[in-house]
Amino acid sequence: MRFPWLALFGALWLVPSVAHADDLADEAELEFSLGTDAYQHADFKQALAHFLASNRLVPNDNVVFNIARCHEQLQQYPEAFRYYSLALEKERDESVRAKIEGALAQLKSQIVVFHVTTEPEGATLYVDRRDLGPRGKSPELLGLRPGRHKLILELAGYEAVEQEQPEAKAGEERAVQISLKQILGSAVISGDPAARARIDGAQAPSCVLPCRLALAPGAHTARVERSGFHTADFTFTVGAHQTVNVPSALEPLTGSAQLSTDEPGALVEIDGKPRGYTPVVLTLPVGTHTLRVRARGFRTVEQPLTIREGENTDLNLVLTEAAEVVAASRVAENVDDAPSSVSLVPERELRLFAAPTIAEAVRGVPGVYVTDDRSYVTLGVRGLGRLGDYGNRMLVTYDGQPVNDDWLGSSYVGYDALSDLGDVERIEVVRGAGSVLYGTNAFSGVINVVSRDDAPTGVSAGVSTNLDGVARARVRGDLELGKDGHLWLSVSGARGEGRDFAFPGMVAPDGSDVAQHADGFQSGTLRGRASWKFWTASWSLHSTKKHLPTAEYDTLFGDPRTAQTDTRAFVELKAEPKLSEQVTLLSRAHWNLYRFRGTYARDAVDDGGVELDTFHGGWFGVEQRVQLTPIKALRLTLGGELQVHYQVLQTGSDDTGSFLHDSQPFKVGALYALGDADLSARAHVSLGARLDSYSTFGSSVNPRAAVIYKPYEGGNTKLVGGKAFRAPSIYELYYNDGGFTQVASHGLSPESMVTLELEHAHHFSPALVGTVAVYADHATHLIAAQGSSTMSDPLHYQNERDPIEILGGEIGLRRDFRQGLMLSASYGLSVARFLRDDSAASVLGFSRASDKRTVENAPVQLAAFKAAVSIFPRTLVCGTRLTLQGPRYDRYENQNDPAQGHTAGAAIWDLVLSGEETRHGLRYAFGVYNAFDWRYRVPLSREFTQNTIEQDGRTFLASLDAKF
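If you're wondering where the values come from, they're calculated on a predicted model, not measured in any experiment. Throughout, residues of each chain are indexed from 1 in the direction in which the sequence is written. Restriction of local features to residues with pLDDT of at least 70 applies here, the model being predicted, together with a cutoff of 80 or more for giving and counting side-chain atom pairs; totals for whole chains, interfaces and linings are based on all residues. Only hydrogens and water are set aside when side-chain values are computed; all heavy atoms of the structure are taken into account.

**A word on the overall build of the chain**
Right, so step 1: Helix numbering and strand numbering both begin at the N terminus, where a helix is a DSSP run of H or I of at least 4 residues and a strand a DSSP run of E of at least 2. Looking only at helices and strands, the chain features 10 helices and 56 strands.
Right, so step 2: Radius of gyration here is computed from C-alpha atoms only, and the compact-globule reference equals 2.2 Å multiplied by the residue count raised to the power 0.38. Radius of gyration (C-alpha) of the chain: 49 Å, far over the 30 Å computed for a compact globule of 964 residues.
Right, so step 3: C-alpha atoms of the chain, sized along the principal axes, occupy 160 × 60 × 60 Å.
Right, so step 4: Throughout this description, buried means an accessible area under 20% of the type-specific maximum (1.4 Å probe, protein chains only), exposed means over 50%, and partly exposed covers the range between. A buried classification covers 53% of the 964 residues belonging to the chain.
Right, so step 5: Two residues qualify as a contact provided that any one of their heavy atoms is within 4.5 Å of a heavy atom in the partner residue. For the chain, the share of sequence-separated contacts (at least 6 apart) that also reach a separation of at least 24 residues comes to 59%.
Right, so step 6: Method for areas: the Shrake-Rupley scheme with a 1.4 Å probe, in which residue coverage is limited to the protein chains shown. With an accessible surface of roughly 42,300 Å², the chain has 57% of that area assigned to carbon and sulfur atoms.
Right, so step 7: Between the averaged position of the 94 positive side-chain charges in the chain and that of its 119 negative side-chain charges there is a distance of 2 Å. Positive charges are assigned to Lys and Arg, negative charges to Asp and Glu, while His and the chain termini are left out of the count. Taken as the charge centre is NZ of Lys, CZ of Arg, CG of Asp or CD of Glu, depending on the residue.

Have a look at this one:
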């Protein structure tokens, strides 16, 4: 059988030998002949050596077959299997292929066959050891001896794999599939988040920056593209198992924008970043940007700004004053949309006149007038300013939190309110009934003091002097708590020596008829707020000690021991989450404190003869409100409030002992509902009502209705009607001194007032508006002091039987700040009279006049003119204010009183120069109040011996504020 095979081999060898006529072919043929001879003599090892040598010299597929046969004869079955397989790959003759396949089939019973494939293909295959040489490239068919083997695979760019195979038996065939892990590095490409990077060409991987890509080791190119920027290529090299950072910075395609505003100095922000103040020319990347223009006191303008390559965009914006009010509806809304008569005193006006107090800030506001009895400063509105009411018919709030006390319900608008107005952004004055929102004390109006919250991180400080030698100082710190939070804290103090006073028939402690500096005061304020997302925490602490120079309450004239100290504090925690576009909640909790200490010198003895009155008030409250907006044109507000006045203690004592120790805790509950609906693009209606229930007297329901109609572009008409009440105060109900001069007044009913107003505003331009209004008020059951403060006729309070009717009108014109110029003028006419009965028809003037005299402290005419002129833009602005007020009648309204008199009218002219130096953060003002030195007088209540008292004459002021 062997020799026929060799005959075949010889025939096969002769064919290729013809093609190799050189020496190498001759040598290969010799080796072949020697191998054949050795094979014929059964010397298979020698034959194998010669055949291998022949194949190395001249590779020949047929010689491979001979090599396989020699391995088989030597029982080297794995090697034989490998060479038979190689021979089969190249063989085309079917008969020969059949013989080879038969040989392979016989060998499989002696060996183990591995079918080795890899992903990817082409891996070099080693068995057991590399030094034995490769066994081919995958996919590969391996024939191996039975037992354990290790497969080793290598492929350029991939990690080598060494895989131990379990023990295999002869005749077993096994498929081995191996996935090779590519050798990679990584590139971190950084740059503009809107850019895209493409690696090594258009079909290669791409990603949006910043990104990380796994790449083969070697050199690569990243092409970075972004709309509006020049495309750039960045070359980098990646190492195996290493990370390379590839920063990319693109040069933008640019254009320019020239921005200006009718009010220069507005802050320009592009895409949320400050870029300068108008007028300004900016070079900006091509594309659409978000432009925001902000100026304090004006509405923020926000709109898209498109920049085109190589082009200049010229944009001139007209700013509109930020006429936004919160107090009218307890939501932020434009003054034109508020269902009340509203005036604003913006921050620029506060700075313009360097207003030291709330009262001075609102002097000149239509319908508002000031009374200073040297004990407290109070405000009257539209003819209703009852003497001795301590301002309890006017509600004052700080950012919506009421701050009237709970003893008399007093409001505070002088230095007893705040030591300084440096933290105030604006003051909102809402005229008319406000009980639908706030309950008691919002009888004739609401004053809401809005605090500044948007100051950047830093410290500011201010000092000033004004009005009777008053000195003030303030320090404030602001801290931004990320993009969603802010914290500010302010500390201020004020001190004044006071004026000299002389009254006929009165002698001061030193024996003179002049009390020197008996009018001084000291006050201190701590305020702050922390906000984060929809949470807000606010706090305030203020205390004022005021010396009384007027000998009121029958005290000694000019005695420095006669003084009153008022301390008020509150902490408020509020959450206003917006649950959806349709539902917003407000949850509010607050704690309040009021302390009063009054010392009244009645005897000249230094260590005796002093009456001491105190009041300790403490209360907490909670409020829950839900605002529903089922459709865009409808807003519904439902809420409830509870107050628990747990400490209501008034005491009185003198050198004879205690004459008063009365504790009267009480509770207040309220429910309210408001609805606002847009009937059309021009018509809006607002309806609401509130129920207040008191444990001291009962309940009161107070509705309000308003229709707002825009009859034409620039026109706005309001028709507002409502009802307000004032609850009898603890002082009015229960204070008594044992019957010597005052007794308790049980059984008092709440005061009530119905109001009706028609107002029309015409906007001549975005900066110029004219207003005309007419109104009618009908007040009933007003609580008034009666008696002459004697044992036979002690002072007490009672509800007056005669209502007061007030008919009036106002006209005004205002030009907002533009190019350093502001102008406003107003005139008001208000006629207040007593009526004989409280019929509702009296509102229309059908009731007969009362037997009482003229209503006290109700000027018929009020007028004001205010203007600001820029002398040097921002650096120096001249502000002037002229307020005119008509005569006021004194307290003798009853027929059995002494003859009723009245004061003379007054013209008060203020002139202030102010400005700022933005580079160093300085703001300054100096000027004069009451430059005419007009010695005008106001009437006083029954606590005073005098009927009237002279107000401040000419006083100078100066202030300096700095930001750090």
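**Overview of empty space enclosed by the protein**
Right, so step 1: With a 1 Å grid spanning the protein atoms alone, the term cavity applies to any set of points in which a 1.4 Å probe fits but cannot get out, the term pocket to an open set with protein on both sides within 12 Å along at least five of seven lines, and the term lining residue to any residue with an atom within 4 Å of a point. Grid points are joined across faces, edges and corners, and a volume is the space filled by probe spheres set on the points. Inspection of the entire model under this criterion finds 14 cavities of 30 Å³ or more.
Right, so step 2: The volume enclosed by the largest cavity comes to roughly 800 Å³.
Right, so step 3: Every residue lining the largest cavity is counted, 50 residues in all, and those nearest its centre are Glu 360, Val 370, Asp 372, Val 377 and Asp 952.
Right, so step 4: When contributions to the lining of the largest cavity are tallied by element, the ones reaching two or more residues are α8 (358-362), β24 (368-372), β34 (535-547), β35 (563-575), β49 (821-834), β50 (861-872) and β51 (876-885).

**Notes on helix α3 (residues 44-57)**
Right, so step 1: Residue count minus one, scaled by 1.5 Å, sets the expected span of a helix. The end-to-end C-alpha distance of α3, which contains 14 residues, comes to 20 Å, matching closely the 20 Å that a straight helix rising 1.5 Å per residue would cover.
Right, so step 2: Phe 44, Ala 47, Leu 48, His 50, Phe 51, Ala 53, Ser 54 and Asn 55 are the residues of α3 that are buried.

**Remarks on the packing of aromatic side chains**
A ring pair, where both rings are aromatic, is described by two values, the distance of the centres and the angle of the planes.
Right, so step 1: Only rings of Phe, Tyr and Trp enter the pairing, Trp through its six-membered ring, and a pair is recorded when the two centres are within 6.5 Å. The plane angle decides the type: under 30 degrees is stacked, over 60 is edge-to-face, the rest tilted. Tallying each qualifying case throughout the model produces 22 aromatic pairs.
Right, so step 2: Measuring from ring centre to ring centre gives 6.2 Å for Tyr 376 and Tyr 412, while their planes differ by 70 degrees; the resulting arrangement is edge-to-face. Here Tyr 412 lies in the loop between β27 (401-402) and β28 (424-431) and Tyr 376 lies in the loop between β24 and β25 (377-381), a separation of 36 residues in the sequence.
Right, so step 3: Grouped by ring-pair contacts, the aromatic residues Trp 407, Tyr 594, Phe 596, Phe 615, Tyr 731, Tyr 735 and Tyr 797 constitute a single cluster.
Right, so step 4: Criterion for a charge above a ring: Lys NZ or Arg CZ within 6 Å of the ring centre, and within 35 degrees of the ring normal. The ring of Trp 488 is capped by Arg 476, whose NZ or CZ atom sits 4.3 Å from the centre of that ring.
Right, so step 5: Over the aromatic face of Tyr 929 sits the side chain of Arg 881, whose NZ or CZ is 5.5 Å from the ring centroid.

**Describing the pattern of salt bridges**
Right, so step 1: Put simply, a salt bridge is a Lys or Arg side-chain nitrogen that is within 4 Å of an Asp or Glu carboxyl oxygen. Counting across every chain of the model gives 66 salt bridges.
Right, so step 2: Between Glu 72 and Arg 69 there is a salt bridge, and its shortest N-O distance comes to 2.3 Å. You can see Glu 72 and its partner Arg 69 sitting in helix α4 (residues 61-73), 3 residues apart, about one turn around the helix.
Right, so step 3: Taking the shortest distance from any N to any O, the salt bridge between Asp 420 and Arg 474 comes out at 3.1 Å. Of this pair, Asp 420 sits in the loop between β27 and β28 while Arg 474 sits in strand β31 (residues 470-480), placing them 54 residues apart in sequence. Like Arg 474, Asp 420 is buried.
Right, so step 4: Here the residues in one salt-bridge network are Asp 372, Arg 374, Arg 499, Asp 519, Lys 546, Asp 933, Arg 935, Glu 950 and Asp 952, joined through shared partners.

**Section: the pairing of β51**
Right, so step 1: Taking burial as the measure, the 10 residues of β51 include 7 buried ones, the bulk of the element.
Right, so step 2: Strands are treated as partners if at least two bridges between them are detected by DSSP. Where β50 lies against β51, 10 bridges are found, and the strand directions are antiparallel. Each bridged residue has a counterpart across the sheet, and for Phe 865 the counterpart in β51 is Leu 882.
Right, so step 3: Joining the antiparallel neighbours β50 and β51 is a turn of 3 residues, in which Arg 874 adopts a positive phi near 65 degrees.
Right, so step 4: Pairing analysis gives 9 bridges linking β51 to strand β52 (residues 906-917), with the strands arranged antiparallel. For Cys 878, the partnering residue across the bridge sits in β52 and is Leu 913.

**A few points about the environment of Pro 630**
Right, so step 1: Along the chain, Pro 630 turns up in strand β37 (residues 610-631).
Right, so step 2: In this structure the C-alpha to C-alpha distance between Pro 630 and Glu 333, which are 297 residues apart in sequence, comes to 19 Å.

**A look at the nonpolar core**
Right, so step 1: Only buried residues count toward a nonpolar core. Its members are Ala, Val, Leu, Ile, Met, Phe, Trp, Tyr and Cys residues joined through side-chain atoms within 4.5 Å. Core analysis: the biggest nonpolar cluster contains 85 residues, and Leu 291, Trp 407, Ile 427 and Ile 447 have the highest contact counts within it.
Right, so step 2: Residues contacting Leu 291, with those up to four places away along its chain left out, are Leu 259, Val 268, Glu 269, Ile 270, Val 301, Glu 302, Gln 303, Leu 305, Leu 315 and Leu 317.
Right, so step 3: With 26 residues, the next largest nonpolar core counts Leu 48, Val 63, Phe 81 and Ile 100 among its residues.

**Description of the environment of Gln 516**
Right, so step 1: Looking at where Gln 516 falls in the secondary structure, it is placed in the loop between β32 (485-496) and β33 (521-532).
Right, so step 2: Classification of Gln 516 as exposed rests on a relative accessible area of 56%.
Right, so step 3: A C-alpha to C-alpha distance of 9.9 Å links Gln 516 and Asp 559, two positions 43 residues apart in sequence.
Right, so step 4: Setting aside residues up to four positions removed in sequence, Gln 516 forms contacts with Arg 499 and Asp 500.

**A look at the confidence of the model for the chain**
Right, so step 1: Of the residues in the chain, 96% have a pLDDT of 70 or more, and the chain-wide mean is 89.
Right, so step 2: Within the model, pLDDT remains below 50 along residues 1-21, and this stretch shows 26 contacts once partners closer than five positions in the same chain are excluded.
Right, so step 3: Every residue is assigned a pLDDT by the predictor, reflecting its confidence on a scale from 0 to 100. The low-confidence segment residues 840-846, where pLDDT is below 50, has 13 contacts with residues more than four positions distant or belonging to other chains.

**Some thoughts on the packing of α4 against helix α5 (residues 77-90)**
Right, so step 1: Contact geometry for α4 and α5: axes closest at 8 Å, N-to-C directions at 160 degrees. By the angle between their axes, α4 is roughly antiparallel relative to α5. Crossing angle aside, the handedness with which α4 passes α5 is left-handed. Side by side, α4 and α5 meet where Asp 61, Val 64, Phe 65, Ile 67, Ala 68, Arg 69, His 71 and Glu 72 of the first sit next to Tyr 77, Glu 79, Ala 80, Tyr 83, Tyr 84, Leu 86, Ala 87 and Lys 90 of the second.
Right, so step 2: Classifying every residue of the contact of α4 with α5 by side-chain character gives 10 nonpolar, 1 polar and 5 charged. Every axis in this analysis is a line fitted to C-alpha atoms, fitted for helices over the stretch in contact. Angles between the N-to-C directions lie between 0 and 180 degrees. Small angles under 35 degrees read as roughly parallel and large ones over 145 as roughly antiparallel, with 65 to 115 read as roughly perpendicular and the rest as oblique. By the definition used in this description, the sense in which the near helix is turned from the far one sets the handedness, with an anticlockwise turn below a right angle giving left-handed and a clockwise turn giving right-handed. Each residue gets one of three labels, nonpolar for Ala, Val, Leu, Ile, Met, Phe, Trp, Tyr, Cys and Pro, charged for Asp, Glu, Lys and Arg, and polar for the others, Gly among them.

**Details of the pairing of strand β10 (residues 211-215)**
Right, so step 1: Judged by which residues are buried, β10 turns out to be one-sided: Cys 211, Leu 213 and Leu 215 face inward and are buried, whereas Arg 212 and Ala 214, on the alternate face, are not.
Right, so step 2: Inspection of the sheet shows strand β7 (residues 185-190) paired to β10 by 5 bridges, in the antiparallel sense. Looking at β10, one finds that Ala 187 is bridged to Leu 213.

**Side note on the packing of helix α2 (residues 23-40) against α3**
Right, so step 1: Between α2 and α3, whose axes approach to 7 Å, the crossing angle comes to 160 degrees. Comparing their axes, α3 and α2 come out roughly antiparallel. When you trace α2 past α3, the crossing you get is left-handed. Residues Leu 24, Glu 27, Ala 28, Glu 31, Phe 32, Leu 34, Gly 35, Thr 36, Ala 38 and Tyr 39 of α2 touch α3, and the partners they reach there are Phe 44, Gln 46, Ala 47, His 50, Phe 51, Ala 53, Ser 54 and Leu 57.

**Side note on the sheet that holds strand β3 (residues 140-144)**
Right, so step 1: Pairing in this open sheet of 3 strands is mixed, and the strands run β3-β1-β6 from one edge to the other. At either margin of the open sheet sits one strand with a lone partner, and together these are β3 and β6 (173-179). Neighbour-to-neighbour, the strand axes of the sheet open up by a mean angle of 25 degrees, direction not taken into account.
Right, so step 2: Here strand β1 (residues 112-119) pairs with β3 via 5 bridges, running antiparallel. Looking at the pairing, Val 112 lines up with Leu 144 of β3.
Right, so step 3: Set on the sheet, α5 makes contact with β1 and β3; between it and β3 the angle comes to about 155 degrees.

**Some thoughts on the side chain of Asp 777**
Right, so step 1: Relative to the elements of secondary structure, Asp 777 occurs in strand β45 (residues 768-780).
Right, so step 2: For the buried Asp 777, no salt bridge exists, and the shortest N-O distance to an oppositely charged side chain is 5.6 Å, to Arg 382.
Right, so step 3: With sequence-adjacent residues up to four places away left out, Asp 777 is seen in contact with Met 753, Val 754, Thr 755, Leu 756, Ile 804, Glu 805 and Ile 806.

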